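# Understanding the architecture of this molecule
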Amino acid sequence: MKAGDIVQDFITERDVEKIIEQVLSKLEPVIEQVKPKEINMLPNKTNIDFSQNANGIFESIDLAVESALEAHIILTSYRLEDREKMIQSIRKEVLGDIENLARLVYEETKLGKYEDKIAKINLAASKTPGTEDIKTSAISGDYGLTIEEMAPFGVIGAVTPVTNPVETLINNAISMISGGNSVVFNVHPSSKKSSAYTVELINKAVLKAGGPQNLVTMVKEPTIETVNQLSSHPRISMMVGTGGPGLVKSLLKSGKKTIGAGAGNPPVVVDETADMNLAAKRIIEGASFDNNILCIAEKEVFVVNQVADDLIYNMLSNGAYMLNQEELEKVMKVTLVEDEDLGAKSCTLSPKKKYHVHKNWVGKDASKILSEIGIAKQDVKLLICEVDSDHPYVTLEQMMPILPLVRCSDVDEAIKLAVKAEGANKHTASIFSRNVDNMTKFARAINTTIFVKNAPTLAGVGYKGEGNATFTIAGPTGEGITSAKTFTRVRRCVLAEGGFRIV
Ligand code: NAD
């Protein structure tokens, strides 16, 4: 046969089968070769005996990354159903130890409420999607078959917040492992003990299901410096940051694919058509949950004046406490730190006041805040106050059980002020209304990742609501409600009709 001859006449179906058999027989040993000790892909080879440390906690970022890389490479030789077994094992292990986990995180961070930690951990372990989120799409036709698979990124670096440390870890680990990745966490320093315990628990669960060791790792002493080491590490394929604006900004500079889940300041609009009893109950439920430390929690209310008294009456009947002007000023002195804007001072006699939140009061009980200003009252779920729209409790993401209410002339004004308060975080907002036009108008104007109608914003992450749970809501970078598929790449595989038929 010479070049240019038509091949089609010389290749039978049996020939094609033989070729496929030969290729397959060569592939198997390749999979066999993927064993931990033989992998030498790192720029600086180390002599670490990885078998000595299977709990996932490492002294340095380099060790944490190298171990996670090793685990990822081994994971690539597992089937999707093996990954699912690991996920089921993680769920079981977490749910079996849920009270201990909640206690550890509550005692370490001293934020929120123990019983709400249980609810959040349960949500993360039960409603984070597993491998069912990984789907392959196929196109077939005259020219063959094309499939698009969700392939792993590799080793992911993930930074977690102090407000949901264990919950974010569980949620991220389930999603990232389902996507075929391993993960190195840099947790908030104030949650390092409970996070280390959780990392160990997850690794134990993975090992029990027959998976590789150190699929999830973390650095023992996390700092901002270790975040920088992680995000600039050559073996990290993707960074995921759940936290405030400083974190997201810093990760976006890493030059790597970054998923940024940043701050929120979720406003609630209550219009004149709403069911006031329902609105009051649901707003209190959401805003007092875990003492308001969730990024999705209701942070300020814009209520149409016509129904404001009715809403307040119903809130007071359902566990809220209204601060009068004098009490409000005292609470502000306790919970906010006032800075003088020196620039403004130089050109005016009444310096413009600027505030930031007093860290010690984030996530504390409403009754504890009241007690600090001399009011002894138990069973208060939420403090409420009437303020103007530029009050610091409206403009700051304060994460305390203090909910400011702003009276508005009509729904249009309420929407306008709510959009301003949300601050283009593109995070979360809600409305209580029976008027679909108002709901649509607000949803379009605010354009948040989560928009909830007539329910606590918690419903937006699947808590007493439809849909899956996430603890990483990526507003700034647009992935939204993250899940396993968020942590995958699209890989296209093409099979031509008849192998390589030439006509
Ligand atoms: P934080 O930003 O102070 O810390 C988050 C993490 O980032 C920590 O691990 C911290 O060590 C690290 N970090 C902070 N600043 C950094 C910087 N400049 N460079 C590198 N790393 C940095 O936030 P927090 O107090 O732990 O958590 C509360 C914040 O997180 C709130 O703003 C809340 O809205 C946000 N949050 C967002 C989501 C979401 O899904 N969008 C979820 C939970 C919390």
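For the structure itself, consult the block above.
Rules used throughout
Residues numbered from 1 in each chain as written. Predicted model: local features only at pLDDT ≥ 70, side-chain atom pairs only at ≥ 80, totals over all residues. Heavy atoms only, no water. Helix = DSSP H or I, 4+ residues; strand = E, 2+ residues; numbered from the N terminus. Expected span 1.5 Å × (residues − 1). Buried < 20%, exposed > 50% of the residue type's maximum accessible area, 1.4 Å probe, protein only. Contact = heavy atoms within 4.5 Å. Axes fitted to C-alpha atoms, helices over the stretch in contact; angles between N-to-C directions. Parallel < 35°, antiparallel > 145°, perpendicular 65-115°, else oblique. Nonpolar A, V, L, I, M, F, W, Y, C, P; charged D, E, K, R; others polar. Near = heavy atom within 4 Å. Polar contact = N/O pair within 3.5 Å; in protein donor to acceptor, adjacent residues only side chain to side chain. Areas by Shrake-Rupley, 256 points an atom, 1.4 Å probe, with all protein chains shown as cover. 1 Å grid on protein atoms, 1.4 Å probe; cavity = no way out; pocket = protein on both sides within 12 Å on 5 of 7 lines; lining within 4 Å. Sits in = over half its atoms within 2 Å of the grid points.

### A closer look at helix 5 (residues 114–127)
Think of an α-helix as turning once every 3.6 residues; residues three or four places apart then point the same way. The first and last C-alpha atoms of helix 5 sit 20 Å apart over 14 residues, in line with the 20 Å expected at 1.5 Å per residue. Buried residues of helix 5: Asp-116, Lys-117, Ala-119, Lys-120, Ile-121, Leu-123, Ala-124 and Ala-125, and no others. Looking at the buried side of helix 5, the elements it contacts are helix 3 (80–96), helix 4 (98–109), helix 6 (165–178) and helix 10 (276–288).

### Some details on the packing of helix 3 against helix 6
Relative placement of two packed helices is described by the angle separating their axes and the distance separating the axes. Here helix 3 crosses helix 6 at 170 degrees, and the two axes come no closer than 9 Å. One element, helix 3, and the other, helix 6, form an angle in the roughly antiparallel class. Here Leu-80, Arg-83, Ile-87, Ile-90, Arg-91 and Val-94 of helix 3 come into contact with helix 6, specifically with Ile-170, Ile-174, Ile-177 and Ser-178. When the residues that make up the contact of helix 3 with helix 6 are grouped by side-chain class, the tally is seven nonpolar, one polar and two charged.

### What about the site of the ligand?
The environment of the ligand is formed by 27 residues, the closest being Val-162, Gly-244, Gly-262, Glu-397 and Ile-473. Ser-250 places a side-chain nitrogen or oxygen 3.5 Å from a nitrogen atom of the ligand. Within the backbone of Phe-471, a nitrogen or oxygen atom sits 3.5 Å from an oxygen atom of the ligand. Coverage of the ligand by the protein chains reaches 86% of its 830 Å² of free accessible surface. In a pocket analysis with a 2 Å cut-off to the grid points, the ligand is assigned to the largest pocket. The set of elements that each furnish at least two residues to the shell around the ligand consists of helix 8 (224–231) and helix 9 (245–252).

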